[in-house]
Amino acid sequence: PQAYNIHVNGVLHCRVRYSQLLGLHEQCPLGPTFIMPYVQAQSVPNDEYDVPLSLWPAAHIQIKKEYGSNVVPAFPPKKIFTLTPAEVEQRREQLEKYMQAVRQDPLLGASEMFNSFLRKAQQETQQIPTEEVALDICLSNGQKVTVNILTSDQTEDVLDAVATKLDLPDDLVGYFSLFLVREGVDGGLTFVRKLQEFELPYVSITSLRSSEFHILLRKSYWDMAYDADVMDNRVGLNLLYAQTVSDIERGWILVNKDQHRQLKSLQEKGSKKEFIHLGQTLKYYGYIKFDPCITDFPEKGCQVIVSAGNNELNFHVKLPNEQMKEGSFKVTRMRCWRVTSSQVPIANGTTNPCSSSKCEVKLELAFEYLMSKDRLQWVTITSQQAIMMSICLQSMVDELMVKKSGGSIKKMLRKRHNGSIHRPDSQQAVKSPPLLDSPDPNREQIVKLSTKLSSVSLRGISASNSANDISGNDFHGNYAFEGIGDDDL
């Protein structure tokens, strides 16, 4: 039977058959969602699929009866006869769109049934049995915490195990997250992604088969006002202090000579709170810095270093004339954003079309920004960390909306009840981006996103109704978007 590679956030997550996805479709449950990942499907030869997954019983009739037939997205129909190559590709595209639609639906996307399906598929695809193992979690100061877990433990379970090992209070666990990072030969860190509830951290890190990758514990919020909650606890204070010291040493936080002298004095005195308070006044405090990449703003082909923090993306751009420019894009002025991917030939001097072994995936993050009162413009970033950038934007929006609704991130409670995750009403996430296009070797190989979006690149606010936009279903609005006047710019 035909099998499909399921890629989530740019990484092979699992292989499944059509019948297994149909089984998932027939029992799609309901639940709130936080992060919507990039999901893509690829057809694979029959002999590549050698991991038998359990088929899931159908409950589609019950779902329709209880929630109505419009709740669950349309699923590619069964075929009686053997599929032709064209039909196989058509089904692949339909399955990809189905998985993306389910994941982005605020009712279906983060249900325990959907996430457990992906976790089970990931574990069985990698052929890792359920057993007790020791997993190393890195702290910002370079130290490692070893926790004893099961290979089948999900992200939340591992985070709780780390908190227990560190003696971090339960009501502070929600202030931290686990991140997959890659360490360079120079000790620099590249953030790959934030670990999600649909994956098993042990399986995710093991399947990469490289000692360059680590799981890092880091604070997960952006508003420094929450630092006060964390610093009231000894363990929380130590974690935040270690992260601040690390960010300064890596050059992520800018420090002049006088400030460096003050910080060193506070370190020698062991004044950790005062050290953090001074750090909060420094430029780029709490930001995540990304690897150098390319942008089309203010000109095409500009080299840029992007940092995410303080509800903005900060650009440090090198113009073609070697001049350096700096500027920031506030998340509240981004009407929407989107991540796209395409397959491009590996630079080997040939112009042959892509094959699976001769191509690499190019990722781009594009956001529509309110440049002035009546002018929206698309800005594009070409970076292998585009998905991580998008996750940062999403979490900024979530945090802003929680705060706007009068809620708090103080332990975004994830108490399990009857197999599903429940959070306080004030902490329900909003539906917003990203949605990605998949790389497809049958499509045009090198297509600039600015070309794809040229017909919708400049729009006045009054004309930006997504229902009238080209590919409107592919763009998801930012609920934290705020209209501004020229006087605010």
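If you're wondering where the values come from, they're calculated on a predicted model, not measured in any experiment.

**Here we look at the packing of aromatic side chains**
- Tallied over the full model, the rule gives 12 aromatic pairs.
- Ring centres of Tyr221 and Tyr226 lie 5.9 Å apart, and the angle between their planes is 75°; this geometry places the pair in the edge-to-face category. When sorted by exposure, Tyr221 lands in the same class as Tyr226, which is buried.
- Look at Phe329 and Phe367: their rings are 5.2 Å apart centre to centre, the planes differ by 65°, and that puts the pair in the edge-to-face class. Residue Phe329 is located in strand β13 (residues 324-330), and its partner Phe367 is located in strand β15 (residues 359-372); the two are separated by 38 residues in the primary sequence.
- Members of the aromatic cluster, joined through ring pairs, are Phe297, Phe315, Phe329, Phe367 and Tyr369.
- Residue placement shows Lys403 over the ring face of Tyr226; its charged tip is 5.8 Å from the ring centre.

**Re the packing of helix α1 (residues 18-25) against helix α4 (residues 112-125)**
- Direction vectors running N to C along α1 and α4 enclose 160°, while the axes themselves pass 10 Å from each other. By the criterion of interaxial angle, the relationship of α1 to α4 is roughly antiparallel. As for how α1 packs across α4, the hand of that crossing is right-handed. Of the residues in α4, those in contact with Gln20, Leu21 and Leu24 of α1 are Met113, Phe114 and Phe117.
- When grouped by side-chain class, the residues that make up the contact of α1 with α4 number five nonpolar, one polar and no charged.

**Section: the pairing of strand β1 (residues 3-8)**
- Judged by how many residues are buried, β1 sits mostly within the fold: six of six residues are covered.
- Residues of β1 alternate between two faces, with Ala3, Asn5 and His7 on one and Tyr4, Ile6 and Val8 on the opposite face, all of them buried.
- Sheet analysis places β1 next to strand β2 (residues 11-17), joined by six bridges and oriented antiparallel. What sits directly across from Val8, in β2, is Val11.

Here is what the cut-offs are and how they apply
- Residues numbered from 1 in each chain as written.
- Predicted model: local features only at pLDDT ≥ 70, side-chain atom pairs only at ≥ 80, totals over all residues.
- Heavy atoms only, no water.
- Phe/Tyr/Trp six-rings, centres within 6.5 Å; stacked < 30°, edge-to-face > 60°.
- Buried < 20%, exposed > 50% of the residue type's maximum accessible area, 1.4 Å probe, protein only.
- Helix = DSSP H or I, 4+ residues; strand = E, 2+ residues; numbered from the N terminus.
- Lys NZ or Arg CZ within 6 Å of the ring centre and 35° of its normal.
- Axes fitted to C-alpha atoms, helices over the stretch in contact; angles between N-to-C directions.
- Parallel < 35°, antiparallel > 145°, perpendicular 65-115°, else oblique.
- Left-handed = near helix turned anticlockwise from the far one by under 90°.
- Contact = heavy atoms within 4.5 Å.
- Nonpolar A, V, L, I, M, F, W, Y, C, P; charged D, E, K, R; others polar.
- Pairing = 2+ DSSP bridges.

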